[in-house]
Amino acid sequence: MTTQQKHDGDIEIEIWSDVACPWCYIGKRRFLSALDEFEGRDRVSVTWRSYQLSPDTPVGERRTELDALVESKGLSVEQVRQMFGHVAQTAADEGLRLDFDTVVAANTFDAHRLIHLAGDKRDAVVEGLFRAHFGEGAVIDDREVLVDIAARAGLDADTVRAALESDAGADAVRADLDTARALQVSGVPFFVANRRVAVSGAQPKDVFLQLLTQASAAPVS
């Protein structure tokens, strides 16, 4: 649910993540699974916050994720492939398909702008971005690709295109990045409940249930 005004017992979950982060995709699936089981789920609002793992990635470079990680991490091709295999299997256990052979390294700033611009379609846009990046080989720093993802989520393509051609949403992304630094977020996914309780990483479902329970016991006053 999305609330305009906080009431006693409401739980605000803020999730800092990057749509080019596979563990964020896995963490999202695990968190939503926990939320489905949480008795107080009708009192929970979820806000997606922006984070960039690789903000210096050139827009439009279109390098494979394999090549990008070999260079940035200083690992061998075989080491990166082994890492991909582990992450892909973990994702598969959660019902997610990650095809690292097709993943294109991308600058995610515009993708985060799109999430901020998506309004009540934001959850569908976030899911669409993850699926496109990790499962479809989509180039998510191409604005026409972003327009297509937005349209599939139910947004008007022309409106989204015009917004992306402007700087709409940029200040909101930068504000999220600034808040992440203020909260000393050093990795994602990062889940914060009512700015009081936090969980870092793609934790098991039970850990997210505990986060929600703790937040419910200490609501916003």
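Residues numbered from 1 in each chain as written. Predicted model: local features only at pLDDT ≥ 70, side-chain atom pairs only at ≥ 80, totals over all residues. Heavy atoms only, no water.

**Things to note about the environment of isoleucine 15**
Then comes step 1: Of note, isoleucine 15 is situated in strand β1 (residues 11-17).
Then comes step 2: With 34 residues separating them in the primary sequence, isoleucine 15 and arginine 49 have C-alpha atoms 5.5 Å apart.
Then comes step 3: Once residues within four sequence positions are removed from consideration, isoleucine 15 is found in contact with Phe31, Val46, Thr47, Trp48, Arg49, Phe190 and Phe191. (Helix = DSSP H or I, 4+ residues; strand = E, 2+ residues; numbered from the N terminus. Contact = heavy atoms within 4.5 Å.)

**Some details on unusual backbone geometry**
Then comes step 1: Residue proline 189 follows valine 188 across a cis peptide bond; omega there is 5 degrees.
Then comes step 2: Within the chain, glutamine 184 stands out as a residue other than glycine whose phi angle is a positive 60 degrees.
Then comes step 3: Tracing the sequence through the fold places glutamine 184 in the loop between α8 (170-182) and β3 (190-193).
Then comes step 4: Overall, the relative accessible area of 70% leaves glutamine 184 in the exposed class.
Then comes step 5: Even without being glycine, arginine 195 reaches a positive phi, approximately 55 degrees.
Then comes step 6: Inspection of the secondary structure assignment puts arginine 195 in the loop between β3 and β4 (197-200). (Buried < 20%, exposed > 50% of the residue type's maximum accessible area, 1.4 Å probe, protein only.)

**A look at helix α6 (residues 143-152)**
Then comes step 1: Where α6 is concerned, the buried positions are Leu146, Val147, Ile149 and Ala150. In a view along the axis of α6, the buried residues occupy a sector of 165 degrees, so they form one face of it.
Then comes step 2: At the N-terminal boundary of α6, the capping side chain belongs to aspartate 142, with an oxygen 2.9 Å from the backbone nitrogen of glutamate 144.
Then comes step 3: The positive-phi residue at the C-terminal boundary of α6 is glycine 154, with phi of around 105 degrees. (Arc of directions from axis to C-beta. Polar contact = N/O pair within 3.5 Å; in protein donor to acceptor, adjacent residues only side chain to side chain.)

**Focus on the side chain of aspartate 110**
Then comes step 1: Tracing the sequence through the fold places aspartate 110 in helix α4 (residues 109-117).
Then comes step 2: In terms of polar contacts, aspartate 110 uses its side chain to reach the side chain of arginine 143, at 2.8 Å.
Then comes step 3: The contacts of aspartate 110, once residues within four sequence positions are left out, are Arg143, Leu146 and Leu164.

**Structural notes on the pairing of strand β2 (residues 44-50)**
Then comes step 1: Across the 7 residues of β2, 7 count as buried, placing the element largely inside the fold.
Then comes step 2: Side chains of β2 alternate between two faces, with Val44, Val46, Trp48 and Ser50 and Ser45, Thr47 and Arg49 buried alike.
Then comes step 3: In this structure, β1 lies alongside β2, joined through 7 bridges in parallel fashion. Opposite glutamate 14, over in β2, you have threonine 47 as the bridge partner.
Then comes step 4: Crossover β1 to β2 through helix α1 (residues 22-37) is right-handed. (Pairing = 2+ DSSP bridges. Right-handed = clockwise from strand over helix to strand, strands pointing away.)

**Here's the deal with helix α5 (residues 122-135)**
Residues separated by three or four positions in an α-helix point in the same direction, a consequence of the helix having 3.6 residues per turn.
Then comes step 1: Across its 14 residues, α5 extends 19 Å between first and last C-alpha, which sits within 8% of the 20 Å expected from 1.5 Å per residue.
Then comes step 2: Of all the 14 residues making up α5, 11 are buried; the element is thus mostly covered by neighbouring parts of the structure.
Then comes step 3: Taken as a whole, α5 has its buried residues at Arg122, Val125, Val126, Glu127, Gly128, Leu129, Phe130, Ala132, His133, Phe134 and Gly135.
Then comes step 4: In this structure, the buried side of α5 is in contact with β1, α1, β2, α4 and α6. (Expected span 1.5 Å × (residues − 1).)

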